[in-house]
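One-letter residues, chain by chain:
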Amino acid sequence: MAHMCRQLTGSAASCAGWVGIIVATATNDWVRTCDYTVATCVRMDELGSRGLWAECVISPALYHCQALNQILTLPAYVQTSRALMICACLLGLPAMLLVLMSMPCVRLQNDTPAIKQRRARVGGVLFILMALCGVISTVWFPIGAHQDEGLMSFGFSLYAGWVGSALCLLGGAIILCCHGTDPGSPRRENSFYYSRQGGTAVPLDPPANHAKSARV
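Residues numbered from 1 in each chain as written. Predicted model: local features only at pLDDT ≥ 70, side-chain atom pairs only at ≥ 80, totals over all residues. Heavy atoms only, no water.

*Asks:* Kindly report on the overall build of the chain, identifying the contributing residues and their values.
*Replies:* Each helix and strand counted, the chain has six helices and seven strands in total. For the chain, the N- to C-terminal ordering of α and β elements is α-β-α-β-β-β-α-α-β-α-β-β-α. When contacts within the chain are restricted to residue pairs at least 6 apart in sequence, those whose partners lie at least 24 apart make up 64%. Total accessible area on the chain is roughly 12400 Å²; 66% of this is exposed by carbon and sulfur atoms. (Helix = DSSP H or I, 4+ residues; strand = E, 2+ residues; numbered from the N terminus. Contact = heavy atoms within 4.5 Å. Areas by Shrake-Rupley, 256 points an atom, 1.4 Å probe, with all protein chains shown as cover.)

Spelled out as structure tokens, the structure:
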């Protein structure tokens, strides 16, 4: 029961982290920038918002976005962050399917505990890879934006990416830890056989004892 609870906890954390990474990838509020001095931007109440796909101008009377379509002229940190976040989003689907198919309540044809264990391990590794992609993107992007323009603050998309990456890392680690040993294979010291002579369950130590009791 505890094993299944740990697996469900890891799966739920990883799924929530996957959603956070998708939200961070799809939205454009990664960093808030300022084209003028900080005092001027505060007085004018006008900030710029930059994400993976667009640059926006935010003010009380205006919200305008310009798509970043010039792929060849984009800075390296934008292109790399795009690629890593897209990879993280795509890895979430096979990772989630593998973890779900490794649940004890899911039965497939010719399923064995060893196969379920391998599925869970691969799914946990994929979730950890997702977390690494998300961490690299969400750390490199604000550093590159700060070097290009004046960085004012972080946007909610960046926070969503950080939280999603942390949850994927936590969930993947829990899944790997709870599948460190195979719960489906019983240990020899916990094995018993039934003796007709005494009518009681006797521990199975060496195989020779079993053969001797059978002859009796």
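*Asks:* Can you break down the pattern of salt bridges residue by residue, with the values?
*Replies:* Tallied over the full model, the rule gives two salt bridges. Notably, a salt bridge pairs Glu55 with Arg50, separated by 2.2 Å at the nearest N-O pair. (Salt bridge = Lys/Arg side-chain N within 4 Å of Asp/Glu carboxyl O.)

*Asks:* Please give an account of the state of the cysteines that cites residues and values.
*Replies:* Under the criterion given, the structure shown has one disulfide. A sulfur-sulfur separation of 2.0 Å characterises the disulfide bridge that pairs Cys56 with Cys65. Between Cys56 and Cys65 the sulfur-sulfur dihedral comes to about 105°; the bridge is accordingly right-handed. For Cys56, a relative accessible area of 4% puts it in the buried group. Cysteine Cys87 remains unbridged, with the sulfur of Cys133 as its closest cysteine sulfur at 5.9 Å. Residue Cys89 stays outside any disulfide, its sulfur separated by 9.4 Å from that of Cys87, the closest cysteine. (Disulfide = S-S within 2.5 Å. Buried < 20%, exposed > 50% of the residue type's maximum accessible area, 1.4 Å probe, protein only.)

*Asks:* Describe the nonpolar core, and please don't skip the residues or the numbers.
*Replies:* Within the largest apolar cluster, 28 residues are counted, with the highest numbers of intra-cluster contacts made by Ile21, Trp30, Met85, Phe127, Met130, Phe141 and Cys168. Those elements giving two or more residues to this core turn out to be helix H1 (2-26), helix H3 (76-101), helix H4 (113-148) and helix H5 (156-178). Those residues in contact with Cys168 that lie beyond four places of it in its chain are Ala13, Ser14, Gly17, Trp18, Ile21, Phe127, Met130 and Ala131. (Core = buried A, V, L, I, M, F, W, Y, C linked by side-chain atoms within 4.5 Å.)

*Asks:* Can you break down the side chain of Arg50 residue by residue, with the values?
*Replies:* Relative to the helices and strands, Arg50 resides in strand E2 (residues 47-50). Relative accessible area serves as the criterion here: at 6%, Arg50 is assigned to the buried category. Among residues more than four places away in sequence, those in contact with Arg50 are Asn28, Asp29, Trp30, Val31, Glu55, Pro75, Tyr77, Val78, Phe141 and Glu149.

*Asks:* Hey, could you go over the confidence of the model for the chain for me, with residue numbers and the actual values?
*Replies:* Mean pLDDT over the chain: 78, with 75% of residues reaching 70 or higher. Considering only residues more than four positions removed or in separate chains, one finds that residues 181-195, a stretch of pLDDT under 50, has 28 contacts. Low pLDDT (under 50) marks residues 201-206, which in the prediction has 15 contacts with non-local residues, meaning those over four places away or in another chain. (pLDDT = per-residue confidence, 0-100.)

*Asks:* Go over the packing of aromatic side chains with me, naming the residues and quoting the values.
*Replies:* Tallied over the full model, the rule gives five aromatic pairs. With 5.3 Å between their ring centres and 75° between their planes, Tyr77 and Phe141 make a pair best called edge-to-face. Within this pair, whereas Tyr77 is found in helix H3, its partner Phe141 is found in helix H4, the two being separated by 64 residues in sequence. Per residue, the accessibility class of Tyr77 equals that of Phe141, and both read buried. Aromatic pair Phe154 and Trp162: ring centres 5.3 Å apart, planes at 90°, arrangement edge-to-face. Here Trp162 falls in the partly exposed class, since its relative accessible area comes to 29%. (Phe/Tyr/Trp six-rings, centres within 6.5 Å; stacked < 30°, edge-to-face > 60°.)

*Asks:* Let's hear about the environment of Met85: which residues, and what values?
*Replies:* By the secondary structure assignment, Met85 is in helix H3. In this structure, Met85 is in contact with Ile21, Ala24, Thr25, Trp30, Leu52, Gly134 and Ser137, ignoring residues within four places of it in sequence.

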